[in-house]
Amino acid sequence: QVQLVESGGGLVQAGGSLRLSCAASGSTFSINAIGWYRQAPGKQRELVAAISSGGSTNYADSVKGRFTISRDNAKNTVYLQMNSLKPEDTAVYYCNAYIATMQYDYWGQGTQVTVSS
């Protein structure tokens, strides 16, 4: 079992920054990758950024150069630094942990990010 708790969402003006945190607990040793996804009203959930247990990262084209995913292994926490935010970044952001041996995903409860123009 893995538990994920997101924090750091909020309201920010366009051009501003936010940092999201995803704290993992439980069987964190089994996690192969942690990703941040987002879902805007009326749209499908999409991958924003992910980081593997080996440290490799990948980003959606829409956030490359603006968002940075990182992790603190000592705190079992993954961060998403979001800079130069745009109104189209407005969404609920979810943390996801993928367990390859189980082919299973764990999800956090989500945190709202709202970017005003």
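1. Considering the overall build of the protein chain
Alright, step 1. Scanning the protein chain from terminus to terminus reveals zero helices and 11 strands.
Alright, step 2. For the protein chain, the α and β elements follow one another from N to C terminus as β-β-β-β-β-β-β-β-β-β-β.
Alright, step 3. Scaling as 2.2 N^0.38, a compact globule of 117 residues should have a C-alpha radius of gyration of about 13 Å, and the protein chain matches this with 14 Å.
Alright, step 4. In terms of overall dimensions, the protein chain has C-alpha extents of about 45 × 25 × 25 Å along its principal axes.

2. Some words on the state of the cysteines
Alright, step 1. The tally for this structure, following the rule as stated, stands at one disulfide.
Alright, step 2. The disulfide partner of C22 is C95, and the gap between their sulfur atoms is 1.9 Å. Every disulfide takes its handedness from the sign of the S-S torsion; for C22 and C95 that torsion is -75 degrees, giving left-handed. Pair noted here: C22 is in strand β3 (residues 18-26) and C95 is in strand β9 (residues 91-99), with a separation of 73 residues, a long-range link.
Alright, step 3. C22 sits in the buried class, given a relative accessible area of 0%.

3. Observations concerning the sheet that holds β3
Alright, step 1. Spatial ordering of the open sheet is given by β1-β3-β8-β7, a layout of four strands whose pairing is antiparallel. Bordering the open sheet on either side are β1 (2-7) and β7 (67-72), each of which pairs with just one other strand. When strand polarity is set aside, the average angle formed by the axes of neighbouring strands in this sheet is 15 degrees.
Alright, step 2. Strand direction decides the pairing type here: β7 and strand β8 (residues 77-82), joined by six bridges, are antiparallel. From the neighbouring strand, F67 faces β8, where its bridge partner is M82.

About the cut-offs
Residues numbered from 1 in each chain as written. Predicted model: local features only at pLDDT ≥ 70, side-chain atom pairs only at ≥ 80, totals over all residues. Heavy atoms only, no water. Helix = DSSP H or I, 4+ residues; strand = E, 2+ residues; numbered from the N terminus. Rg over C-alpha atoms; globule rule 2.2 N^0.38 Å. Disulfide = S-S within 2.5 Å. Buried < 20%, exposed > 50% of the residue type's maximum accessible area, 1.4 Å probe, protein only. Pairing = 2+ DSSP bridges. Axes fitted to C-alpha atoms, helices over the stretch in contact; angles between N-to-C directions.

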